[in-house]
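Residues per chain, in single letters:
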Amino acid sequence: MSNLNAIQLSGVSKSFDGFMALSQADFTARWGEVHALLGENGAGKSSLMNIAAGLYAPESGSLLINDNAVRLSGPRDASRYHIGMVHQHFKLVKPFTVAENIQLALPEGPGNHAFSGSHRQRLAALEQRISDKAAELGFSIDPRKITESLSVAEQQRVEILKVLLAGARILILDEPTAVLTDGEAERLLETVRAFARQGAAVILVTHKMSDVKRFADRVTVMRGGRTIQTLDPQTVSVPELVRLTVGESAPASEYQPAIPGEVRLQVRNLRSKGASGHGALNGVTLNLRAGEIYGIAGVGGNGQSELANVLMGLPEPCDGTLELTGFGDLRRASAEQRRELRIAAIPADRYGAALAGELSVAENFGVGQVHSGRYGSFFRLRRKRLEAEAAEAVAGFDVQGVRSLKQKAALLSGGNAQKLVIAREFSRDPQLVLVHSPSRGLDVRATAAVHARLYAAREAGAAVLVISEDLDEVLALADRIGVMSGGRIVAEFDRPADRQAIGSAMVSHDEQDHAEPVAEGASHE
Amino acid sequence: MDMIANWLGNTPDFAVPFALAALGLILTERAGVLALGAEGLMLVGALAAIGAQLAYGSHGVSLLLAMGAAAVVSLLFALMVLVLRINQVIAGLALVFFCQGLTGLLGTLLEWTNKPVKGLAAVELWPLSELPLLGKLFVQNPLVFMTPLIVLAVVWFLTRTTTGLRLRAVGENPQAADAAGISVLGYRLAAILVGAALIGLAGGYISLLSTKLWIADMTGGRGWIAVALVIFARWSPWKALAGALLFGCIEALIPQLAAAGVRLPQYFVLMTPYAVTLAVMIWVASGRHATGNQPGALGIPFIREERR
């Protein structure tokens, strides 16, 4: 059975508003393998997989499942062919419980023995199945919890349980490790590999070379809407893979030691109550100096989201102070004052908190400066100037996929949306930069561009705070690293930091907190 | 004493149209479709019920036809909001004006206006009907007694069935529902049709069982009050029933006051339900959970192939 093709897409094309997202893409995954689909942001990976999952209808090309040509009328149809997809932006109904969300996706039918009796009985039976399946996959989850109150990593587990319990044998994971910590990602990939060894087909959409090298049996590289090549990751080197995805050698940023100045931001004893009652923040205290990058590492759900919200001025009830040198308590500053103080904030939730999806690219760029009068007074909008500066920023920050400045920002792919946010936030030479998961879901080149910007801000004398659940990122970026656990900074490390020491600091204090994670502020749709 | 007994006895008769219309609205809006057309659909139901009653003379058939007529007219609304994706507020308002004109015209052309019909005999719930003061509450037409059962059925459907779960998912996050293989447009169409049928039943109740004749624009804004009621009830059927009783109480009080010789300016009296509606809305909006429980995708058209 292992030589049989599970799913085969050939000559697939798809365009959005005249923009070719896919042109003549070919892709084949076999039973029993983990097949990685590698490419940059906007290369067409998600579009191709959305076609395989029946969500998009291709304009041309064919789809074969088990070597039989099929035409998917929708996701329900795909599920009938045992195709299940875990989307990058989760498809969960937030006010529903875990079990209710999973039940939505389950096929009906008398053959399914656990699903007889009343709705309540079925839910109860399903809750049991969810717990069993979760245990089988090596984690635990409370099926009665409201999805909204779960962390991103937990929401992803719900998504995986959902497609597996619906009977998926061809499992498509879209950027699954982007939201996970090292350990979580490793566990997840071990799990899916074991699933593939049982005869299923797993398609891993990713831009992380290490995931590909370590866990994939084969890899297909995509670039600019085309599939470039399918190879065995064991026979190809990482630089070669990078060259295939990027089309040229990736820019590498060279680390220069920091020359820190005076203390710019003093965070004092931040405390807050989390959704589950126990403290989300338990006295966070740290000093941030001008001209340095301070990285906060930690396992997701240890108060990072709450800390980011407090720092960025998003609603988050808590006690404590944020003392900005020369201003006073930053928590009292209005959004307008924050702009005047040249504070740049890049939240984790790009589409929800950083961009207005329904507004155009140019408007999203200009919105930060509307109040300052740069784009006209109360009575007038200097559209020409706004568009000229937006065009310049789009080019300068290499925001791709912009067909027109009037295009909705929601149509940008994750990496390009992030670049647009950065273009806006960095347009005024910031003195304080607050960043949460800046390269989540970004490819090699976009990540390098983001990091280069953060370094440039540091060189210009800004104080930069990076909160990230990706330890590699924190290690690559930060001059100093604070490890967050149980709502506190439990340890600080200077560069060069010892990865093992940070890892053990991350887990040493959170045995109890890890089991009962805290609500995550980020939303996903 | 008599006055209070009469007042309480009349309350259900006024409350039932509010309750049924609000229930229809809740079903539609829980699927994510903003339904402002209730006033128009009630008029369609009211006219259809009288027309059918004049032609066939069977109350059951007339009420069923009222439901059917409202559902058929709501197909137009469904076409506008589901297929053409017209703004749902505009489509709802257009539906109201269209129905007001259509029913006024047909009522005159077919000569159904001002022709009284026979109401439905009251049913006594013995021995409850012998209670002092409250007795008259239990002497009502059959539809009054059925209304709480319909509410119960809708609650049960929404919370205790898989189909109800899917309907709510479509209203909360249609993208998620779609990815789970649920037909978003199918569920929304069904919700519009069934909701319209309930709203039509509310209209039929007013003309056939309450006033027992047809006059143009006879619903007199009750559809709009039902729209407010749904917001006040935070899309919960039981709270909507309670709200309907509250408004029924107020409406039933007006004739009682007049009978008791209390002289109130006529227009002040007619204004009362709307004043109360406004007051309730302000009270709800100033509360702590002002936006709680509103379906997440209410009023947002569903398009699958939009990249996010």
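Our subject is the structure listed above.
Notes on the structure in this doc start here. Residue numbers here run from 1 along each chain, matching the order of that chain's written sequence. Each chain takes a letter, starting from A, and each ligand takes a number, starting from 1, following the order in which they are written. The model is predicted, so local features are restricted to residues of pLDDT at least 70 and side-chain atom pairs to those at 80 or more, both for listing and for counting; the totals for chains, interfaces and linings are taken over all residues. In computing side-chain properties, one takes all heavy atoms of the structure into account and sets aside hydrogens as well as water.

Next up on the list: the overall build of chain B. Helix and strand assignments follow DSSP, with helices taken as H or I runs no shorter than four residues and strands as E runs no shorter than two, numbered in order from the N terminus. When helices and strands are counted, chain B shows 11 helices and 2 strands. Secondary structure elements of chain B occur, N-terminal to C-terminal, as α-α-α-α-β-β-α-α-α-α-α-α-α. Every radius of gyration here is taken over C-alpha atoms, with the globule rule written as 2.2 Å times N^0.38, N being the number of residues. Radius of gyration (C-alpha) of chain B: 20 Å, near the 19 Å computed for a compact globule of 308 residues. Over its C-alpha atoms, taken along the principal directions, chain B stretches across nearly 65 × 50 × 40 Å. Exposed residues in this analysis have more than 50% of their type's maximum accessible area, buried residues have under 20%, and partly exposed residues fall in between, with area computed by a 1.4 Å probe over protein chains only. For chain B, buried positions account for 51% of its 308 residues. We get accessible surface area from the Shrake-Rupley algorithm with a probe of 1.4 Å; when it comes to residues, only the shown protein chains can shield them. Surface exposure of chain B reaches about 13600 Å², of which carbon and sulfur atoms provide 70%. Just so you know, the count uses Lys and Arg for positive and Asp and Glu for negative, and it drops His and the chain ends. Where a charge lies is defined by one atom per residue type, namely NZ (Lys), CZ (Arg), CG (Asp) and CD (Glu). Here chain B contributes 18 positive and 13 negative side-chain charges, whose respective centroids are spaced 7 Å apart.

We now examine the interface of chain B and chain A. Contacts between the two partners involve 22 residues from chain B, matched on the other side by 35 residues from chain A. Overall, the association of chain B and chain A removes approximately 2700 Å² of surface from exposure, summing both partners, and the carbon and sulfur fraction of that is 54%. Every case where a carboxyl oxygen of Asp or Glu lies within 4 Å of a side-chain nitrogen of Lys or Arg is listed as a salt bridge. One can count 0 salt bridges joining chain B with chain A. Think of a polar contact as two N or O atoms within 3.5 Å of one another; within protein, one of them needs to be a possible hydrogen donor and the other a possible acceptor, and neighboring residues in sequence only count if both atoms come from side chains. Applying the counting rule to chain B against chain A returns 4 residue pairs in polar contact (both at pLDDT 80 or more). For the side of chain B that touches chain A, the secondary structure elements donating two or more residues are α5 (142–160), α6 (162–172) and α7 (174–179) of chain B. Looking at side-chain class alone, the side of chain B that touches chain A contains 6 nonpolar, 6 polar and 10 charged residues. The contact rule is simple, with two residues in contact once any of their heavy atoms fall within 4.5 Å. Accessible area that two parts lose when put together, evaluated with a 1.4 Å probe and summed over both, is termed the buried area. The residue classification treats Ala, Val, Leu, Ile, Met, Phe, Trp, Tyr, Cys and Pro as nonpolar and Asp, Glu, Lys and Arg as charged. All others, Gly included, are polar.

The next point concerns the nonpolar core. Within the largest apolar cluster, 89 residues are counted, with the highest numbers of intra-cluster contacts made by Leu104 of chain A together with Leu25 of chain B. Here this core takes 13 residues from helix α8 (residues 184–211) of chain B, the largest share from any one element. What leucine 25 of chain B contacts, discounting residues up to four positions off in sequence, is Ala35, Ala38, Ile199, Ala226, Val227 and Val230 of chain B. For our purposes a nonpolar core is just a set of buried Ala, Val, Leu, Ile, Met, Phe, Trp, Tyr and Cys residues, chained together by side-chain atoms within 4.5 Å. Leu92, Leu137, Ala168 and Val202 of chain A belong to the second-largest nonpolar core, a separate cluster that totals 40 residues.

Residues and elements named next belong to chain A. Within the secondary structure layout, alanine 446 lies in helix α15 (residues 444–459). The class for alanine 446 is buried, based on a relative accessible area of 2%. Each C-alpha atom, one on alanine 446 and one on asparagine 302, is 27 Å from the other, the two residues being 144 residues apart in sequence.

In this section: the packing of aromatic side chains. Residue and element names in this part refer to chain B. To pair, rings of Phe, Tyr and Trp, with the six-membered ring standing in for Trp, must have centres within 6.5 Å; the planes then decide the type, stacked if under 30 degrees apart, edge-to-face if over 60, and tilted in the middle. Applying the stated rule across the entire model yields 1 aromatic pair over all chains. Measuring from centroid to centroid gives 5.9 Å for phenylalanine 18 and phenylalanine 247, while their planes differ by 55°, and the two rings are tilted. Of the two residues, phenylalanine 18 is situated in helix α1 (residues 2–30) and phenylalanine 247 in helix α10 (residues 237–259); the sequence distance between them amounts to 229 residues. On the basis of relative accessible area, phenylalanine 18 is assigned to the buried category, the value being 0%. We classify phenylalanine 247 as buried; its relative accessible area is 3%.

The next subject is the packing of helix α3 (residues 98–105) of chain A against helix α5 (residues 152–165) of chain A. All names here are of chain A. Note on method: axes are straight lines fitted to C-alpha atoms, helices fitted across the in-contact stretch only, with angles between N-to-C directions ranging 0 to 180 degrees. Where α3 meets α5, the closest approach of the two axes is 9 Å, and the angle between their N-to-C directions is 35°. Here α3 runs over α5; the crossing is right-handed. Across from Val98, Asn101, Ile102 and Ala105 in α3, the residues of α5 making contact are Val158, Leu161, Lys162 and Leu165. A per-class count over the contact of α3 with α5 returns 6 nonpolar, 1 polar and 1 charged. Should the near helix be turned anticlockwise from the far one by less than a right angle, the crossing is termed left-handed; should it be turned clockwise, right-handed.

Our focus in this paragraph is the pattern of salt bridges. Residues and elements named next belong to chain A. Enumeration over the complete set of coordinates arrives at 23 salt bridges over all chains. The closest approach of N and O atoms between glutamate 292 and arginine 480, which form a salt bridge, is 2.8 Å. A residue pair is termed long-range when its members are at least 10 positions apart, and glutamate 292 in the loop between β12 (279–289) and β13 (293–297) and arginine 480 in strand β19 (residues 480–485) qualify at 188 residues. Residue class for glutamate 292 comes out buried when judged on its relative accessible area of 1%. One network of salt bridges, in which partners are shared, links Arg289, Glu292, Arg480 and Glu492.

On to unusual backbone geometry. Look at the link from arginine 495 of chain A to proline 496 of chain A: it is a cis peptide, with omega at -5°. Mapped onto the elements, proline 496 of chain A comes out in the loop between β20 (488–494) and α17 (499–508). Even without a glycine there, the phi angle at lysine 212 of chain B is positive, about 65°. Inspection of the secondary structure puts lysine 212 of chain B in the loop between α8 and α9 (222–232). A residue is classified by how much of its surface remains accessible, and lysine 212 of chain B, at 30% relative accessible area, is partly exposed.

The next point concerns helix α14 (residues 414–425) of chain A. Residues and elements named next belong to chain A. Any helix carries an expected span of 1.5 Å times its number of residues minus one. Here α14 contains 12 residues, and its C-alpha end-to-end distance of 17 Å stays within 8% of the 16 Å for a straight helix at 1.5 Å per residue. Of all 12 residues that make up α14, 12 are buried, and the element is covered over most of its length. Restricting attention to buried positions, one finds in α14 the residues Gly414, Gly415, Asn416, Ala417, Gln418, Lys419, Leu420, Val421, Ile422, Ala423, Arg424 and Glu425. Looking at the buried positions of α14, the neighbouring elements they touch are α10 (335–340), β16 (343–346), α11 (350–354), α12 (361–366), α13 (383–396) and α15.

Residue and element names in this part refer to chain A. The 6 strands are arranged β6-β7-β8-β3-β9-β10 in an open sheet whose pairing can be described as mixed. With partners counted over all chains shown, the strands left at the sheet margins are β6 (83–86) and β10 (226–231), one partner each. Neighbour-to-neighbour, the strand axes of the sheet open up by a mean angle of 20°, direction not taken into account. When DSSP finds two or more bridges between a pair of strands, those strands are recorded as paired. In this structure, strand β9 (residues 218–223) lies alongside β10, joined through 5 bridges in antiparallel fashion. Directly across from methionine 222, in β10, lies its bridge partner threonine 227. Its contacts with the sheet put α5 on β6 and β7 (170–174), and the angle it makes with β6 is roughly 175°. Along the sheet, helix α8 (residues 238–246) makes contact with β3 (34–38), β9 and β10, crossing β9 at roughly 35°.

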